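# Structural overview
Chain residues, written in single-letter form:
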Amino acid sequence: MKLVITNATLDARPTSIAVDGHMITAIGDHVPTNTADAVVDAAGAAVVPGLHDHHLHLFAMAAALGSVQCGPSAVHSIDDLARALRDAPGDGEIRGVGYHESVAGPLDRDVLDRLVRDRPVRVQHRSGGLWVLNSKAIAERHLDASDGRVFRGDEVVRSVDADLPDLAEVGQQLLSYGVTGVTDATPDLEFAAMQHLAAAVASGVLPQSVTALGAPDDWTDPEVAQGPRKLLLHDHDLPTYDELAERVHEARTATRAVAVHCVTRESLMLTLAVLEDVGAVTGDRIEHGAVVPRDVYRTMRSLGVAVVTQPCFIRERGDDYLTDVDPHDLECLYPYRSLLDAGVPVAASSDAPYGDVDPWSAIAAAGQRRTPSGATIGRSEAVDAATALAGYLSPAADPGGPPRRLRVGPHSGLCVLTPPPVRAAVVVSRSGQLVSPRG
Ligand SMILES: [Zn+2]
């Protein structure tokens, strides 16, 4: 399909852009429209490359689409939770996601058994790190989990529905927001999962370019880029210094950077200490950076590590942070502006399905830093929409680096923006198809 976007603003100048499939064929004042299959009048709006979400989980997103929402935005009490689970369609296992203690306190097998006894139920904590199963779900897996709680046990828990999910709906959902590239941050993806991803990209089922932090070291299929190696630190059971240093060494041996999950002060300190000793390489990154004290900014800058943050967490979970997070940590919770000012690259991302997938909502949240009840956390850490958007425009391999630009040649999708509050008014896919965006 040949497409021309007229009256576009590109790098602050008016212009037209011609797109033919995977290529931008012309940019300029005199782009003819008579041979185009479609003409889009941007009415003076800015046009930017397709967005790259630097941290999400594709398989978990696909699974979440068929799941019962158990988080505070959907259910508010134990009765709500019971109703939501009992109303789940079908007669197989009920999969709940997004649970947080603010709904109905800590969950265990007994609590779930009281809610649903006749069907297997498993509910995932919104941190992604804990599954709680009822007796029937435990029995089906022959699990030895007396209280029904399985920490970081995705493989154990998943065994009943081992099929890899269809990624088409996830791909279309992302595309409708103008997201044409993603970095999957799931650690240790198996070869079969990688092949499933590569096939989905090759066939167009998944219209995004994909980088996988959990790709095996010997992964070579160019359909999915390997990316830095994801290192998941268990916050309540941190590795020793030597153990983490060994894991970083292993990544270096495989000529890979590392992407280290750091949501506590301790995990960040440990990671930075190891990187200082082992030596940082281009591409090293901190996932989340939930607690970043100012006295390490200088170290981060000299190491050259980027922070991949999630602005939506304050909007979705901020009230819980205000009650649960140590006040000492609250002062340096999910910093953004101050990191940029200190010369540390930062890129926003969704962490979907654990956070809202909508990048425009994340961009707005980054400028507000408001909790669900309207309180503010770290007002001075707010960044404007252009700054947060720039993070989504930074390349997959350089989160927070210089934004990609639209040029004649191969493109990675385009978005025509709305006037503020900024969203995608029109999306062009990587293959040059017009996509109707989500409102
Ligand atoms: Zn994640």
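In what follows, the accompanying structure is described. Each chain has its residues counted from 1, following the order in which its sequence is written. Since the coordinates come from a predicted model, pLDDT governs what is reported: local features require at least 70, and pairs of side-chain atoms require 80 or more to be given and counted, while whole-chain, interface and lining totals use all residues.

On to the overall build of the chain. Each helix and strand in the chain was counted, giving 16 helices and 23 strands. Atoms considered for the radius of gyration are the C-alpha atoms alone. The globule rule reads 2.2 Å times the number of residues to the power 0.38. What you see for the chain is a C-alpha radius of gyration of 22 Å, in line with the 22 Å of a compact globule of 439 residues. Taken over the C-alpha atoms alone, the chain extends approximately 70 × 50 × 45 Å along its principal axes. Taking the intrachain contacts of the chain between residues at least 6 apart in sequence as the baseline, contacts between residues at least 24 apart amount to 71%. Note on conventions: DSSP H or I runs of at least 4 residues are helices, E runs of at least 2 residues are strands, and numbering of each starts at the N terminus. Our contact criterion uses C-beta atoms placed from the backbone: two residues qualify when those atoms are within 7 Å.

This part covers the pairing of strand S17 (residues 285–288). DSSP-based pairing: two strands are paired if at least 2 bridges between them are found. Where strand S16 (residues 258–262) meets S17, 4 bridges bridge the pair, whose relative direction is parallel. Note on S17: the bridge partner recorded for Ala259 is Arg285. With strands facing away from the observer, any crossover in which the path from the first strand over the helix to the second runs clockwise is taken as right-handed. For the handedness criterion, the β-α-β arrangement of S16, helix H10 (residues 265–278) and S17 is classed as right-handed. When S17 meets strand S18 (residues 306–309), the two strands line up parallel, connected through 3 bridges. What sits directly across from Ile286, in S18, is Val307.

With that settled, the discussion passes to the pairing of strand S15 (residues 229–232). Here S15 pairs with S16 via 4 bridges, running parallel. Bridge pairing in S16 places Lys230 opposite Ala259. As for the winding sense of the linkage, the β-α-β connection from S15 through helix H9 (residues 241–253) to S16 is right-handed.

So, on to the environment of Gln226. Among the structural elements, Gln226 can be located in the loop between strand S14 (224–225) and S15. Distance in space between the C-alpha atoms of Gln226 and Asp237 is 27 Å, their sequence separation being 11 residues. Residue contacts for Gln226: discarding those within four places in its chain leaves Ala212, Ala215 and Trp219.

Let us now look at unusual backbone geometry. The omega torsion across Ala352 and Pro353 is 5 degrees, close enough to zero to call that bond cis. Assignment of secondary structure puts Pro353 in the loop between strand S19 (346–348) and helix H15 (359–368). Between Pro420 and Pro421 the backbone carries a cis peptide bond, its omega angle lying at -5 degrees. Of note, Pro421 is situated in the loop between strand S21 (414–417) and strand S22 (424–428). Positioned with a positive phi, Ala12 is a non-glycine residue whose angle comes to about 70 degrees. Look at Ala12 and you get exposed, because 6 C-beta atoms sit within 10 Å. One non-glycine residue, His142, adopts positive backbone phi at about 50 degrees. Relative to the helices and strands, His142 resides in the loop between helix H5 (135–141) and strand S11 (149–151). Burial is judged by counting other C-beta atoms within 10 Å of a residue's own C-beta: 20 or more means buried, 12 or fewer means exposed, and anything between counts as partly exposed, with every C-beta placed from the backbone.

What follows is about the sheet that holds strand S8 (residues 94–99). Here we have 5 strands laid out as an open sheet, ordered S7-S8-S9-S10-S11, and mixed in their pairing. Each edge of the sheet is formed by a strand with only one pairing partner; in this case those strands are strand S7 (68–69) and S11. Of the strand pairs in this sheet, strand S10 (residues 130–133) and S11 are connected by 3 bridges, and their pairing is antiparallel. By the bridge assignment, Leu130 is partnered in S11 with Phe151.

The next point concerns the sheet that holds S18. One open sheet accounts for 5 strands, arranged S15-S16-S17-S18-S19; its pairing is parallel. Taken across any chain shown, the strands that pair with only one partner, and hence form the sheet edges, are S15 and S19. For this sheet, the mean inter-axis angle between neighbouring strands, taken without regard to orientation, is 25 degrees. With axes taken as lines fitted to C-alpha atoms, and helix axes fitted only over the stretch in contact, angles between N-to-C directions fall between 0 and 180 degrees.

Here we come to the packing of helix H12 (residues 312–324) against H15. Where H12 meets H15, the closest approach of the two axes is 6 Å, and the angle between their N-to-C directions is 70 degrees. For the element pair H12 / H15, the angle class is roughly perpendicular. Judged by residue contacts, Cys312, Ile314 and Arg315 of H12 engage Ser361, Ala362 and Ala365 from H15. Residues were grouped as follows: Ala, Val, Leu, Ile, Met, Phe, Trp, Tyr, Cys and Pro as nonpolar; Asp, Glu, Lys and Arg as charged; and all remaining residues, including Gly, as polar. Residue classes in the contact of H12 with H15 are distributed as 4 nonpolar, 1 polar and 1 charged. Should an angle lie under 35 degrees it is considered roughly parallel, over 145 roughly antiparallel, and from 65 to 115 roughly perpendicular; all remaining angles are considered oblique.

In this model H12 runs 17 Å from its N-terminal to its C-terminal C-alpha over 13 residues, within 8% of the 18 Å that 1.5 Å per residue would give. Think of it this way: the bend at a residue is just the angle between two axes, each fitted to seven residues, one set ending at that residue and the other starting at it. Of all the bends found along H12, the most pronounced is centred on Gly318 and spans about 70 degrees. When we look at burial in H12, the residues that qualify are Cys312, Phe313, Ile314, Arg315, Glu316, Arg317 and Gly318. Contact partners of the buried residues in H12: H15. Take the number of residues in a helix, subtract one, and multiply by 1.5 Å to get its expected span.

It is worth spelling out the nonpolar core at this point. Ile5, Val47, Cys415 and Val416 are the most contacted members of the largest nonpolar core, which totals 122 residues. No other element matches the 6 residues that H15 contributes to this core. Apart from residues no more than four positions distant in its own chain, Val416 is found in contact with Ile5, Ala8, Val40, Ala42, Ala45, Val47, Ala425 and Val426. In these notes, a nonpolar core means any group of buried Ala, Val, Leu, Ile, Met, Phe, Trp, Tyr and Cys residues linked to one another through C-beta atoms within 7 Å.

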